[in-house]
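Structural characterization, general
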Amino acid sequence: MLPPSLRWNGEQLVLLDQRLLPHEIAFLSLRHWRDVAEAISTMAVRGAPAIGVAAAWGVVLAARAGDDLEEAIAVLRASRPTAVNLGWALDRMRGCEAAHPPVDPFALQDLAEEIEAEDRRLTQRLVDHGVALLPSDCRLLHHCHTGAIATAGVGTALGVITAAHQRGLLRHAWLDETRPRLQGAALSAWELGCQGVPCTVIVDGASGLLMRRGEVDAVLVGCDRVAANGDVANKVGTYNLALVARAHGIPFYVCAPGSSIDLTTVDGDAITIEERDPQEITTLRGQPLTASGVKAWNPAFDITPAHLITALVTEFGVIRPPYRDLLCDLPLGRQP
Ligand code: MRU
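Every value quoted in this text rests on a predicted model; they were computed, and no experiment measured them.

Considering the overall build of the chain
Helix and strand content of the chain: eleven helices and 16 strands. Relative to its length of 336 residues, the chain is compact, with a C-alpha radius of gyration of 19 Å against a globular reference of 20 Å. Judged by the C-alpha coordinates and their principal axes, the chain covers about 60 × 50 × 40 Å. Counting the 336 residues in the chain, one finds 57% classified as buried. A separation threshold of at least 6 residues defines the contact pool for the chain, and within that pool the share at least 24 residues apart is 73%. Looking at the chain as shown, the accessible area adds up to about 13700 Å², and 53% of this sits on carbon and sulfur atoms. Both charge centroids of the chain, one from 29 positive and one from 39 negative side chains, sit 5 Å from each other.

With respect to the domain arrangement of the chain
In terms of domains, the chain is made up of domain 1 (6-123) and domain 2 (125-328). The centre of domain 1, based on its C-alpha atoms, is set 24 Å off from the matching centre of domain 2. With 29 residues of domain 1 in contact, the opposing surface of domain 2 contributes 35 residues. Here domain 1 and domain 2 share an interface that buries about 2600 Å² over both sides, 56% of which is from carbon and sulfur atoms.

Some words on the packing of aromatic side chains
Scanning all chains against the criterion turns up one aromatic pair. With 4.6 Å between their ring centres and 10° between their planes, Trp8 and Trp57 make a pair best called stacked. Pair noted here: Trp8 is in strand E1 (residues 6-8) and Trp57 is in helix H2 (residues 48-65), with a separation of 49 residues, a long-range link. By relative accessible area, Trp8 is classed as buried at 14%. Note on Trp57: relative accessible area 1%, which makes it buried. When the ring centre of Phe301 is taken as reference, the NZ or CZ atom of Lys235 above it lies at 4.3 Å.

Quick notes on empty space enclosed by the protein
Taken as a whole and judged by the stated rule, the model has two cavities of 30 Å³ or more. Counted as a void, the largest cavity has a volume near 240 Å³. If you go around the largest cavity, you meet 27 residues; those closest to its centre are Gly47, Ala48, His145, Asp224 and Asn234. For the lining of the largest cavity, the secondary-structure elements that each account for two or more residues are H2 and strand E9 (232-235). When residues in the lining of the largest cavity are grouped by element, the largest group, three residues, is from H2. Looking at the lining of the largest cavity residue by residue, the classes come out as eleven nonpolar, eleven polar and five charged. When residues of the lining of the largest cavity are sorted by domain, at least three fall in each of domain 1 (6-123) and domain 2 (125-328). What the second largest cavity holds in volume is close to 50 Å³. Lining the second largest cavity are Pro49, Gly52, Val53, Asn85, Trp88, Ile115, Asp119, Leu122 and Ser259. Listing elements by their share of the lining of the second largest cavity, those giving two or more residues are H2, helix H4 (84-99) and helix H5 (105-131).

Criteria and cut-off values
Residues numbered from 1 in each chain as written. Predicted model: local features only at pLDDT ≥ 70, side-chain atom pairs only at ≥ 80, totals over all residues. Heavy atoms only, no water. Helix = DSSP H or I, 4+ residues; strand = E, 2+ residues; numbered from the N terminus. Rg over C-alpha atoms; globule rule 2.2 N^0.38 Å. Buried < 20%, exposed > 50% of the residue type's maximum accessible area, 1.4 Å probe, protein only. Contact = heavy atoms within 4.5 Å. Areas by Shrake-Rupley, 256 points an atom, 1.4 Å probe, with all protein chains shown as cover. Lys, Arg positive; Asp, Glu negative; His and termini not counted. Charge placed at Lys NZ, Arg CZ, Asp CG, Glu CD. Domains from an automatic or database assignment. Buried area = accessible area lost by both parts, 1.4 Å probe. Phe/Tyr/Trp six-rings, centres within 6.5 Å; stacked < 30°, edge-to-face > 60°. Lys NZ or Arg CZ within 6 Å of the ring centre and 35° of its normal. 1 Å grid on protein atoms, 1.4 Å probe; cavity = no way out; pocket = protein on both sides within 12 Å on 5 of 7 lines; lining within 4 Å. Points joined across faces, edges and corners; volume = space filled by probe spheres on them. Nonpolar A, V, L, I, M, F, W, Y, C, P; charged D, E, K, R; others polar.

Here it is in structure tokens:
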């Protein structure tokens, strides 16, 4: 049984500290919204949907403390720039604040609860749509982490893989280790292991050989933002995978909850790509990997152009290209 990624205990936001996994299951009890912003920027909580829900609870903490909500929302919004779920949840919290002057912490708490419950409902729907795409006896390749702990619910792409196993459709899951933060090795492999799903971790660069050998029937990934034209921002390395999948005629599916779809961003070039500390590359657990002075460039995400994506899997159903009009027609903000 997996621990919850986050929960509200009536006074504090209790967060699973993902930085300690898979070796330790420990929780942070956060009393202040600044602690929530720090937990997001330091990746104690990660995964686009999970950081959106955590940020909503951060606003509740600010309201309960009588702090300046505009400042709290601005700091929380800046805690990570790429995943749009953060801004999506904060915009909803701000709308609620504006609708209930002076600030009503109980209305904000009700909305944070709703955002969390919605994520549980929609991830289950998304997973059901995703599993329906898969052939029997399939071998799936996955990048980064998109499981239950990356959301408030059952996860997205990794949730599809788990459900495929539970429904007897999965032969094997291949997991990119996902340099430099190793979300695939540390988080996804742990989640699948806890649920008895057969999986093997590979270094990111091995995915080409694997596909060339015919060992992959479909690639499944999550996303941090889908632009209006269907371009997708996701963990760095996703673009490379999509190119290799296309070269081998392998379907490339992106699991994209409505909270990750951003119709105000015209295309992938307009998405801000977070650049993190080069030390994430040049060191491992505090030990240097490179000679001192070696430079490193550490973009946390990349852009996969829409033309390489076979389909977007959402809670509303499976969307195939051309994406622009279909994305515009989605009932975003009116969850099923
Ligand atoms: O930097 P991270 O670990 O927050 O990056 C996570 C990803 O890129 C996930 O693929 C994405 O957020 C989808 S989570 C359902």
